[in-house]
Each structure stands twice: as structure tokens, then as C-alpha cells.
Amino acid sequence: MTTVATAWLAELTDALGADVVLTDPDVTASYARDQAMLAPAGTPAAVVFPRRTDDVVAVMRVAARHGIPVVPRGAGSGLAGGSNAVDGGITLVMTRMDAVLEISPADRLAVVQPGVVNKQLRDAVAGHGLFYPPDPSSYDWCTIGGNLSTNSGGLCCVKYGVTTDYVLGLEVVLADGRVLRTGRRTVKGVAGYDLARLFVGSEGTLGVITEATLALRPAPKAPVTLAASFATTAQAGQVVERVVTTGLVPSLLEIMDNTCIRTVDQVLRAGLDHDTRALLVAQSDSGGAAAGDEIAALTALCEEAGAQFVHSTADQAEGDLLLQARRMALPALQQVGGAMLIDDVAVPRSRIAEFLDGCDVIAAHRRLTVGVVGHAGDGNMHPTVCFDQSDADQRERAYAAFDDILELGLALGGTITGEHGVGTIKLDWLEREIGPVSLDVHRSIKAALDPAGLLNPGTVFRSAGTTANLVP
């Protein structure tokens, strides 16, 4: 370790304590990357576990004085390499800042630190008859700070929207150590620029979120659940379109392709039909007769489209079993298929069937397994490329399939990411989607808030003039 590195590490340790600033190689290596296999990762010089906002301020001041890159990180559940470490930098792990600071039923809001686990917040507000809707599939271990940084969605987006729809205000430590408080506690508020939402989805490149004021909703009623199987993707796609055009708003509308259906059944032994081309799972949480009417209307749409099988239930346990098949899709693919590259493409809801069919073509062309599961209600699909990591030829074909899927999504009028973020794996693709003018605006905002480029460098977009650095 260089004398310069020793100096700033000593300064940081003196300010925060040896139990907060860790440099053991085993520790630093374990915080090098998130769940994205494709993304490159370095090794941090230090892993820091702040306990309060003042600790984050101290970190950023030391980093600014010495020019040390800082990568904010939550639980590491990300799938785009957005919290992967930088060699010689600081990885700022926010999981010890895990307090629910306030729950206000009268104002329907909660104030939380970024290390609060999504499900922990849900459970905390449920005792007040309230509900925090964003629910990524990793909701039982992902953190609110990470959800904010990538603007996460989840299974309930079709009715309730994504993380940004629940952000009232934020406390953010800027690159120079100043603390910005932006937003409000009121239902309405339009004073000045909407800075709070500027930081949502910025993937730690503009500041470190240390506190969030989040809007809540009344707790939903017990759901009624529906599952419907189809012989063609076009039939399932027709149902999704008709849900939109008829004005139905289920609280959940998910889709699985044939690959996922067969893989989940291999793991769960649930008796799923292996000839089914697409499976829709839906819920209504409107309660009572209203929920029954919504599911009855959705049943009719499925039958009109030619569904092979339609089943609905108001029994909570049975509904949970139906939904378990959807939640098990990615774990089952990993268990059966080995290494995975999980993509995150959102397409117009009218093009879902074309996207599913296109992924089948890509799988055949690249001679790999590609399973698609997704949020049909908002068009956010998660194609997953399975391959043998030890086989160099399969790795190369997997990376090519990953790019093929992004190309397909854009060709269908979609976007390269619906909720996982750009991270470090889609830098070139962001430029292709948004164009040079938008990219210049992004860089201008970054330069205004982080002129030295210390916060999560190489994430979302590269500095002008740098080149690709993805490695197999």
C-alpha cells in the first residue's frame, strides 16, 4: 500500500473508528461486486460502514481532499454492476444505517435510512394499516437506498408504479461533503426544481442518499389471484392488451415463458403443463365484490383469447402458491442452468408477444437457454441467458445473446432497462438509446455536482473519451 493511501486511510480511520473502516483483504474482496456476472469489478482499498449522516460527510470530505473514488452500496442485490468496486477506492456500505425513523399515519409517510430492507419497511407500516408498494423480487433483502438508486419497480408496478412515485424528499451527501435536503412532507409541492427525483435512479453517481421521506398508501385488501395458461404467446399478449384497453387495473400481472414454466416445475414439482407457451399470473387487491368482479373480467378476457386453463382463488395460501411459481423463476433458472446473465428490457405492452418470440429466436441462434419472466402489466421483461461459465465458447455466445436481447428491445420501441439500472454493463447501450444530446446533458449534470468524478465512476456513462472495459 502506498504512503498516500496509508495517509488517507489513517485519516478516515481516525475520524470514524477501526470498526467502521475495514481494510482486511477478505472483507474488501467480498464487497467487490453485486449480482451481475457480466460487469467488471475492482477491489476497494477500504470498505466503510457508516452509522449516521455525519459519517458519510466525513467519508466524502476525506475522499474529496485526496481524490479517492467512492462507490455507495446497499445489500448488493443489484443486477447491473452499479455498485461494483473501483480499484483503490472506498466502497461505502449503507446497511448499518437501517432505522425507520418515523411513521406518520396522519400524513401517510415514513422517514427511513437507506439501509432499511424493503420488506422491513413494509412490515413496519403494515401495523399502522399502511402500505409501501414498490416490491422488487428481492424485497426480503434489498435495501431502500438501493431501490432509490436504481428506481426499482417490482411485481405491483402495474397498479402502484415504481419507487420514484413514492419519494417525497431526500437527504443526500454531495461529493464535496455538503448535505442537501430536498423535497417536502406535503402531498403537493412545486417549489424549485424537482431535485429529489434527480437523485432517484442516478445509481450513486450524483450523491449518497442518507435519508428518505416516502409516501405510503392505505393497506390493500386480501388479494384474489388468477393463473391462466396459453398455447401461444400471441394469446397471452392479446390478454395484456385487452387489460389496458378495457381499463382493468389489476394489482399484479406477471408472465412466464415456456422455458421458465418447465424450469420452475423441475424445481417445485408443481405439475405445471410443459406444453404451455405462456403463463399469466394476476391479482386484484380491491377487496370483496370489487376484486371478484375484476378477476371475473380478467377471466373472460383470458377465455376469449383462447386460454388452455384459467383458475382463480380468493384463498390467500393458494394464491401464494400460484405466485410462488412466478417468484421462483429466476432462482430455478440459476439452480438448473448454472451461470446467468439477467437482462432487464421494457417494451410497449402491445409488443410483449413479439419480444417473447424474438427471445426464442435468439436462444436458438446462440444455442443457449433463454428464459423470460416479467411484469406484463408494464412491459418490463427479464430475459435470462443461462450458460456454463467455465466454457469460453458458451460465455462468448451468452454475451452476444445479451446484446441481441437489448437490440431486440430497442427495435420494438422499448428501453434497455426498466428497473435494474444501466450500471456498468449497458454503458454503450444507454448512449444508443438516449442519443448524444441527452448524453451531454447527463455529463453536464454530473460535472455540476461531482466535478472531480469521484462518485461511482464509470457507472451509467463513461467520461468523454473513455472506451469500453467490459470483460468476460
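Residues numbered from 1 in each chain as written. Predicted model: local features only at pLDDT ≥ 70, side-chain atom pairs only at ≥ 80, totals over all residues. Heavy atoms only, no water.

Thoughts on the packing of helix 14 (residues 392-411) against helix 15 (residues 427-449)
Thought 1: The geometry of helix 14 relative to helix 15 is characterised by a closest axis approach of 12 Å and an angle of 10° between their N-to-C directions. Taken together, the axes of helix 14 and helix 15 lie roughly parallel to each other. Between helix 14 and helix 15, the contacting residues are Asp403, Leu406, Glu407 and Leu410 on the first element and Trp429, Arg432 and Glu433 on the second.
Thought 2: Among the residues making up the contact of helix 14 with helix 15, the classes are represented as three nonpolar, no polar and four charged. (Axes fitted to C-alpha atoms, helices over the stretch in contact; angles between N-to-C directions. Helix = DSSP H or I, 4+ residues; strand = E, 2+ residues; numbered from the N terminus. Parallel < 35°, antiparallel > 145°, perpendicular 65-115°, else oblique. Contact = heavy atoms within 4.5 Å. Nonpolar A, V, L, I, M, F, W, Y, C, P; charged D, E, K, R; others polar.)

Some details on the sheet that holds strand 3 (residues 70-73)
Thought 1: Pairing within the open sheet is mixed, and its four strands lie in the order 1-2-4-3. Single-partner strands in this sheet number two, and they are strand 1 (21-22) and strand 3.
Thought 2: Sitting on the sheet, helix 3 (residues 53-66) touches strand 2 (46-48), strand 3 and strand 4 (90-93), and the angle it makes with strand 4 is about 170°. (Pairing = 2+ DSSP bridges.)

Regarding the pairing of strand 6 (residues 109-112)
Thought 1: Where burial is concerned, the two faces of strand 6 agree: the one with Leu109 and Val111 and the one with Ala110 and Val112 are both buried.
Thought 2: Where strand 5 (residues 100-104) lies against strand 6, four bridges are found, and the strand directions are antiparallel. Paired with isoleucine 103 across the two strands is alanine 110, which belongs to strand 6.
Thought 3: Linkage of strand 5 to strand 6, two consecutive antiparallel strands, is achieved through a turn of four residues, within which arginine 108 is found at a positive phi near 50°.
Thought 4: Where strand 6 and strand 10 (residues 208-215) come together, four bridges link them in antiparallel fashion. Bridge pairing links valine 111 to threonine 213 in strand 10. (Buried < 20%, exposed > 50% of the residue type's maximum accessible area, 1.4 Å probe, protein only.)

Digging into the nonpolar core
Thought 1: Judged by nonpolar contacts, the single largest core of 59 residues is most densely connected at Phe230, Ile255, Leu280 and Phe355.
Thought 2: Broken down by element, the residue count for this core peaks at seven residues, all from helix 14.
Thought 3: Beyond its immediate sequence surroundings of up to four residues, phenylalanine 230 is in contact with Gln235, Ala236, Val239, Thr276, Arg277, Ala278, Leu280, Cys302, Ala305, Ala307 and Gln308.
Thought 4: Core analysis: the second largest hydrophobic core is formed by 29 residues, Val125, Val172, Leu206 and Ala215 among them. (Core = buried A, V, L, I, M, F, W, Y, C linked by side-chain atoms within 4.5 Å.)

Quick notes on a nonpolar patch on the surface
Thought 1: Together, Val437, Val441 and Ile445 make up an exposed nonpolar region whose accessible area comes to about 250 Å².
Thought 2: With respect to the helices and strands, isoleucine 445 occurs in helix 15. (Patch = residues over 30% accessible without salt bridge, like charges linked within 9 Å, V, L, I, M, F, W, Y side chains within 5 Å. Areas by Shrake-Rupley, 256 points an atom, 1.4 Å probe, with all protein chains shown as cover. Salt bridge = Lys/Arg side-chain N within 4 Å of Asp/Glu carboxyl O.)

Section: the packing of aromatic side chains
Thought 1: Counted under the stated rule, the structure contains four aromatic pairs.
Thought 2: Between the aromatic rings of tyrosine 31 and phenylalanine 49, the centroid separation amounts to 5.5 Å while the plane-to-plane angle is 80°, which identifies the pairing as edge-to-face. With tyrosine 31 in the loop between helix 2 (25-30) and strand 2 and phenylalanine 49 in the loop between strand 2 and helix 3, this residue pair connects regions lying 18 residues apart in the sequence.
Thought 3: On the basis of relative accessible area, phenylalanine 49 is assigned to the buried category, the value being 6%.
Thought 4: Pairing phenylalanine 131 with tyrosine 160 gives two aromatic rings, centres 5.3 Å apart and planes at 80°, and the pair type is edge-to-face. (Phe/Tyr/Trp six-rings, centres within 6.5 Å; stacked < 30°, edge-to-face > 60°.)

Looking at the packing of helix 8 (residues 233-246) against helix 13 (residues 352-366)
Thought 1: It is the contact of helix 8 with helix 13, at a shortest axis distance of 8 Å, that shows an interaxial angle of 150°. Here helix 13 runs roughly antiparallel to helix 8, going by the angle between their axes. Here helix 8 runs over helix 13; the crossing is right-handed. Every residue of helix 13 that contacts helix 8 at Thr233, Ala234, Gly237 and Val240 is listed here: Ile352, Ala353, Leu356 and Asp357. (Left-handed = near helix turned anticlockwise from the far one by under 90°.)

Examining helix 9 (residues 258-268)
Thought 1: Those residues of helix 9 that fall on the buried side of the exposure criterion are Asn258, Thr259, Cys260, Ile261, Thr263, Val264 and Asp265.
Thought 2: A side-chain oxygen of the first residue of helix 9 lies 3.3 Å from the backbone nitrogen of threonine 259; this N-cap is aspartate 257. (Polar contact = N/O pair within 3.5 Å; in protein donor to acceptor, adjacent residues only side chain to side chain.)

Examining the pattern of salt bridges
Thought 1: Going through the model one piece at a time under the given rule, you end up with 22 salt bridges.
Thought 2: With a closest N to O distance of 3.5 Å, arginine 52 and aspartate 55 form a salt bridge.
Thought 3: Put simply, arginine 326 and glutamate 254 hold a salt bridge, and the shortest N to O gap is 2.6 Å. Of this pair, arginine 326 sits in helix 11 (residues 316-327) while glutamate 254 sits in strand 13 (residues 252-257), and the two are 72 residues apart along the sequence.

What to know about the sheet that holds strand 10
Thought 1: The five strands lie next to each other as 5-6-10-8-9, forming an open sheet whose pairing is antiparallel. Of all strands in the sheet, those bounded by a partner on one side alone are strand 5 and strand 9 (179-183). On average, each strand axis in the sheet is tilted by 10° relative to the strand beside it, whichever way the strands run.
Thought 2: Across six bridges, the pairing between strand 8 (residues 167-173) and strand 10 is antiparallel. Residue pairing across strands places valine 167 opposite leucine 214, the latter belonging to strand 10.

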